[in-house]
Amino acid sequence: MRAVVRDEYGPVDVLRVATVEPPDPGPGEVVVRVRAASLNMADLDHLLGRPRAARVATGLFRPTNRGVGVDVAGTVEVLGPDVTAFRPGDRVWADLFDSGHGSLADRVLVPASALSPLPGDLPFDVAAAVPHSGSLALQSLRAVGPVRPGERVLVNGAGGCVGPFAVQMAKARGAVVTAVDHGDKLDFLREVGADEVVDYTREDVMRGGRRFDVVLDIADTRSVLALRRCLAPGGRCVLVARRISSYAEKALLGPVVGRMTGTRMGTFMWRPNQRADLDELAGLLASGAVRPRIDRRYDLDDAVEAFRRLESGAARGKLLIIP
Ligand SMILES: NC(=O)c1ccc[n+]([C@@H]2O[C@H](COP(=O)([O-])OP(=O)(O)OC[C@H]3O[C@@H](n4cnc5c(N)ncnc54)[C@H](OP(=O)(O)O)[C@@H]3O)[C@@H](O)[C@H]2O)c1
């Protein structure tokens, strides 16, 4: 079978599409025939082995796992000896972030416990775009408490993988959404549903006295004090951290500053691949409240090109890989 593999940490150049042995499931494992997969910023981090602390789990000097890719939608093909929860042909989806990666392949070996049933009315190519980034958006919004109709929500760094999901989820709850990103992405963000868009290269939305009830910081470029400046009284702010130092700052300082200023500030402990989250995401997709935007589709053999587009920041929506 064909699979995207790498043997060392490094930039996209370390990737290649290779012919590898098909997986053989052991107890508790399942082989999934991949119908669609998608790329996330987490895949780029995994490739580069960043943050470096993560290498304690993924291999200190070389990655212990050659496989790449976390988002997957497909069908169960082969069951390990004691697997009873699924049958061959079942439609499934998952975020393999903490279950071995490897979705950029014809087939992937997965612990059965990592799989969730995929409702029959959700196409594979829609489903594959959602688990990782959709869950991050869902959990970060959950961390600020329920968004209420009419609340002013700021999504900082809205034009990447997670932001478009967050914008749509906040809109579905009746919020008035301001989306901040590079000027090139503003038309895309309007199309996704943002009420107002701001180009971070031209305007600092956190200065000038603007106030928001909820701030979701995905770009992770601002300090607790800067974020505090644009929170309304009683406002809530959560960071979707990309840097360990920033996570520590928001986790330690955020609650202190929040308490002193009558707001709630902090970050959250992300839990990948929760079945309840995937069920909720399936509901949002089925109702049309959330519709993943697809930038481009690639054959498996062109997956390296897809990674280059992810790395360039040029994508407007998710990059799909269809084996
Ligand atoms: N527990 C947690 O919090 C947790 C768990 C898992 C993953 N993560 C992290 O969450 C992040 C997910 O975000 P993502 O996948 O959506 O990232 P992304 O695709 O890189 O999107 C970030 C967006 O922010 C924009 N941006 C850059 N600088 C900005 C600024 N100064 N102001 C406003 N926007 C700016 C970027 O635009 P440009 O193209 O101009 O740079 C980009 O469009 C990943 O980095 C991942 O590591 C966090």
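Residues numbered from 1 in each chain as written. Predicted model: local features only at pLDDT ≥ 70, side-chain atom pairs only at ≥ 80, totals over all residues. Heavy atoms only, no water.

Here the focus is the packing of aromatic side chains. This model, assessed by the stated rule, comprises 1 aromatic pair. An angle of 70 degrees between the planes, with centres 4.7 Å apart, marks the rings of Phe-97 and Trp-270 as edge-to-face. Of the two residues, Phe-97 sits in the loop between strand S5 (91–95) and strand S6 (107–111) while Trp-270 sits in the loop between strand S13 (264–267) and helix H9 (275–287), which places them 173 residues apart along the sequence. Across the ring face of Tyr-9, the terminal group of Arg-55 is positioned such that the distance to the ring centre comes to 4.1 Å. The ring of Phe-124 carries Arg-91 above its face, with NZ or CZ at 4.5 Å from the centroid. (Phe/Tyr/Trp six-rings, centres within 6.5 Å; stacked < 30°, edge-to-face > 60°. Helix = DSSP H or I, 4+ residues; strand = E, 2+ residues; numbered from the N terminus. Lys NZ or Arg CZ within 6 Å of the ring centre and 35° of its normal.)

This part is about the environment of Val-144. Structurally, Val-144 can be placed in the loop between helix H4 (131–143) and strand S8 (152–156). With a relative accessible area of 2%, Val-144 lands in the buried category. Sequence spacing of Val-144 and Val-205 is 61 residues, and the spatial spacing of their C-alpha atoms is 20 Å. Excluding residues within four positions of it along the chain, Val-144 makes contact with Val-214, Arg-236, Cys-237, Val-238 and Arg-264. (Buried < 20%, exposed > 50% of the residue type's maximum accessible area, 1.4 Å probe, protein only. Contact = heavy atoms within 4.5 Å.)

Each assigned domain of the protein chain is listed here: domain 1 (2–129 + 292–322) and domain 2 (132–267). Of the residues lining the interface, 19 residues belong to domain 1; the matching set on domain 2 comes to 12 residues. Regarding the contact of domain 1 and domain 2, the summed buried area is about 1,200 Å², with carbon and sulfur atoms giving 58% of it. The largest per-residue losses of area from domain 1 upon contact with domain 2 belong to Asn-40, Arg-293 and Arg-316, which jointly make up 46% of the total buried on that side. At the boundary of domain 1 with domain 2, the tally comes to 1 salt bridge. Put simply, domain 1 and domain 2 have 5 residue pairs in polar contact (both at pLDDT 80 or more) between them. (Domains from an automatic or database assignment. Buried area = accessible area lost by both parts, 1.4 Å probe. Salt bridge = Lys/Arg side-chain N within 4 Å of Asp/Glu carboxyl O. Polar contact = N/O pair within 3.5 Å; in protein donor to acceptor, adjacent residues only side chain to side chain.)

Attention now moves to the site of the ligand. In the region of the ligand, 22 residues are neighbours, and Asp-181, Lys-185, Tyr-200, Ala-241 and Arg-242 sit closest. A distance of 2.7 Å separates an oxygen atom of the ligand from a polar atom in the side chain of Asp-181. Here Thr-221 contributes a side-chain N or O atom positioned 3.4 Å from a nitrogen atom of the ligand. Summarising the interface, the protein chains cover 81% of the accessible area of the ligand, which totals 950 Å² for the free molecule. Those elements giving two or more residues to the shell around the ligand turn out to be helix H1 (41–48) and strand S9 (176–181). (Near = heavy atom within 4 Å. Areas by Shrake-Rupley, 256 points an atom, 1.4 Å probe, with all protein chains shown as cover.)

This next bit is on helix H5 (residues 163–172). Within H5, 8 of the 10 residues are buried, which leaves the element mostly enclosed by the surrounding structure. The first or second residue beyond H5 is Gly-174, which carries a positive phi of 90 degrees.

With respect to the secondary-structure elements, Gly-134 resides in helix H4. Gly-134 sits 165 residues away from Asp-299 along the chain, and the two C-alpha atoms are 23 Å apart. Excluding anything up to four places from it in sequence, Gly-134 contacts Phe-165, Met-169 and Leu-281.

At a minimum axis separation of 8 Å, H4 and H5 run at an interaxial angle of 45 degrees. The angle between the axes of H4 and H5 places the two elements in the oblique class. Seen along the crossing, H4 lies across H5 with a hand that is right-handed. Of the residues in H5, those touching H4 at Ser-133, Gly-134, Ala-137, Leu-138 and Leu-141 are Phe-165, Ala-166, Met-169 and Ala-170. Residues of the contact of H4 with H5, tallied by class, amount to 7 nonpolar, 2 polar and no charged. (Axes fitted to C-alpha atoms, helices over the stretch in contact; angles between N-to-C directions. Parallel < 35°, antiparallel > 145°, perpendicular 65-115°, else oblique. Left-handed = near helix turned anticlockwise from the far one by under 90°. Nonpolar A, V, L, I, M, F, W, Y, C, P; charged D, E, K, R; others polar.)

Locating Ala-114 in the fold gives a position in the loop between S6 and strand S7 (116–117). For the pair Ala-114 and Arg-275, spaced 161 residues apart in sequence, the C-alpha to C-alpha distance is 8.4 Å. Those residues in contact with Ala-114 that sit more than four places away from it in its chain are Trp-93, Ala-94, Ser-99 and Asn-273.

This part is about the pairing of strand S4 (residues 71–79). Here is the key point about a regular strand: its side chains alternate between the two faces of the sheet. Two strands pair when backbone bridges link them, and strand S3 (residues 29–38) and S4 are joined in this way by 8 bridges, in the antiparallel orientation. Among the inter-strand pairings, Val-34 is bridged to a residue of S4, identified as Gly-74. (Pairing = 2+ DSSP bridges.)

Turning our eyes to something else, we now look at the nonpolar core. With 47 residues, the main nonpolar core has Trp-93, Val-153, Val-155, Val-167, Met-169 and Leu-281 as its most contacted residues. Contributions of two or more residues to this core are made by H4, S8, H5, S9, helix H6 (186–192), strand S11 (212–217) and H9. No fewer than three residues from each of domain 1 (2–129 + 292–322) and domain 2 (132–267) sit in this core. In this view, Val-167 contacts Val-155, Ala-158, Val-177, Ala-179, Val-192, Gly-193 and Ala-194; residues no more than four positions away in its chain are not counted. Judged by nonpolar contacts, the second largest core, of 37 residues, contains Leu-104, Cys-161, Ala-306 and Ala-315. (Core = buried A, V, L, I, M, F, W, Y, C linked by side-chain atoms within 4.5 Å.)

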